[in-house]
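# Structural overview
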Amino acid sequence: MILIVLLMGFLMSKLYIVGVGPGSKEYLTQIAISTVSSVDVVIGSKRALDLFGIKAQKHELNVKNMKNMLNQSIIMVKEGKNVALLSTGDPGFSGILKPILELEPHIDIEVIPGIGSVQLCAAKLKIPWDTANIVTMHGKGISEGIIDIINNGKPTIILPNFQPSELVHFLIEKGIDHQRKVAICERLSYEDEKIVKMSLKDVLSEEFSYMCVMVVY
Ligand SMILES: C[S@@+](CC[C@H](N)C(=O)[O-])C[C@H]1O[C@@H](n2cnc3c(N)ncnc32)[C@H](O)[C@@H]1O
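The rules behind the values
Residues numbered from 1 in each chain as written. Predicted model: local features only at pLDDT ≥ 70, side-chain atom pairs only at ≥ 80, totals over all residues. Helix = DSSP H or I, 4+ residues; strand = E, 2+ residues; numbered from the N terminus. Buried ≥ 20, exposed ≤ 12 C-beta atoms within 10 Å, placed from the backbone. Contact = placed C-beta atoms within 7 Å. Pairing = 2+ DSSP bridges. Axes fitted to C-alpha atoms, helices over the stretch in contact; angles between N-to-C directions. Domains from an automatic or database assignment. Near = placed C-beta within 6 Å. Nonpolar A, V, L, I, M, F, W, Y, C, P; charged D, E, K, R; others polar.

### Quick word on the overall build of the chain
- What the chain contains, in helices and strands, is nine helices and 10 strands.
- Looking at the 217 residues of the chain, the share that counts as buried comes to 33%.
- Pairs at least 24 apart in sequence give 65% of the contacts found in the chain among residues at least 6 apart.

### What about the sheet that holds strand β4 (residues 83–87)?
- Taken together, the five strands give an open sheet; going across it, the order is β3-β2-β4-β1-β5, and neighbouring strands pair in parallel fashion. The outermost strands of the open sheet, each flanked by one partner alone, are β3 (57–60) and β5 (109–112). On average, each strand axis in the sheet is tilted by 20° relative to the strand beside it, whichever way the strands run.
- By the bridge criterion, four bridges tie strand β2 (residues 41–44) to β3 in an arrangement that is parallel. From the neighbouring strand, G44 faces β3, where its bridge partner is E60.
- Along the sheet, helix α2 (residues 30–38) contacts β1 (15–19), β2, β4 and β5; its crossing angle with β1, the most-contacted strand, is approximately 145°.
- Taken strand by strand, helix α4 (residues 66–78) contacts β1, β2, β3 and β4, and its axis lies near 155° from that of β4.

### Here we look at helix α6 (residues 117–124)
- Within α6, six of the eight residues are buried, which leaves it mostly tucked inside the rest of the structure.
- Among all positions of α6, only S117, V118, Q119, L120, C121 and A122 are buried.
- Those residues of α6 hidden inside the fold are in contact with β6 (133–136), β7 (156–159), β8 (181–186) and β10 (212–216).
- Within two residues after α6, K126 carries a phi angle of roughly 55°, on the positive side.

### Considering the domain arrangement of the chain
- With domains assigned, the chain is organised as domain 1 (2–115) and domain 2 (118–216).
- Averaged C-alpha coordinates put domain 1 and domain 2 at centres separated by 30 Å.

### A few points about the pairing of β1
- In terms of burial, β1 is a largely internal element, five of the five residues being buried.
- On β1, burial covers both faces: L15, I17 and G19 on one face and Y16 and V18 on the other are all buried.
- With five bridges connecting them, β1 and β4 associate as parallel partners. Across the sheet, residue L15 finds its bridge partner in β4, namely V83.
- Direction of pairing for β1 relative to β5: parallel, over a ladder of four bridges.

### Describing the site of the ligand
- Residues in close proximity to the ligand total 23 residues, the closest being G89, G95, G116, S117 and L188.
- By residue class, the composition of the shell around the ligand is 10 nonpolar, 11 polar and two charged.
- When we break the shell around the ligand down by domain, the ones giving at least three residues each are domain 1 (2–115) and domain 2 (118–216).

### What about the environment of H59?
- Here H59 lies in strand β3.
- For the pair H59 and I115, spaced 56 residues apart in sequence, the C-alpha separation works out to 23 Å.

### Notes on the sheet that holds β7
- Spatially, five strands are ordered β6-β7-β10-β8-β9 in an open sheet, and the strand pairing comes out mixed. Looking along the sheet, the strands with just one partner apiece sit at the ends: β6 and β9 (194–199). Strand-to-strand twist across the sheet, computed as the mean angle between neighbouring axes with direction ignored, equals 20°.

### Details of unusual backbone geometry
- Even without being glycine, N161 reaches a positive phi, approximately 65°.
- Looking at the secondary structure, you find N161 in the loop between β7 and α8 (164–173).
- Within the chain, R187 stands out as a residue other than glycine whose phi angle is a positive 45°.
- Looking at the secondary structure, you find R187 in the loop between β8 and β9.
- Given 19 C-beta atoms within 10 Å, R187 falls into the partly exposed group.

Right, dumping it as structure tokens:
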């Protein structure tokens, strides 16, 4: 009997990968809120957890414990718990969906999309993003491939994963015109959100938050 109950729990439990948007509560979706309030365990970064009034068990995710916590979330689902893994922005773009699918593609997963930093950046700068190149540098270094992308006539929206000046240094060295226009959107949706426009070469002498999206026009 106990075995049947445990098996039923396992069969019905789910891992929800919940996009929480760019950071402000205003960009949280109703389905993200209702999903988080319905699960047994919530796992996310401090800034993601702080968006919700969580009554369930919660665990903070950070760079150091990331792999362990993702594994733990899978184990908890296998034990019969419903778990929400919070992913900033949208889980499917440089988010938590990919590492989870790599770790365990066979458990029951539901993805709740969120408003991504690329979307919000495009909206703020009035760029129809079906006309833009979209590039993430997360999980990879700077490679020559970026040069052809930046030169293909479309605006390029980039998640840098390091200081934008590092990328700009590389671009200028590879012959990209240092007068090309750039926009940098920092801490989108937060009270101290900042959007600046400058030429490529001016980026070299500036520092930006880790939370920034860069557009090369
Ligand atoms: C690990 S990626 C996560 C991207 C996320 N899944 C998304 O859809 O926005 C983290 C990067 O997203 C960007 N980012 C996330 N939130 C941001 C915000 N509020 N403002 C500007 N950039 C942000 C930054 O480039 C940051 O380095």
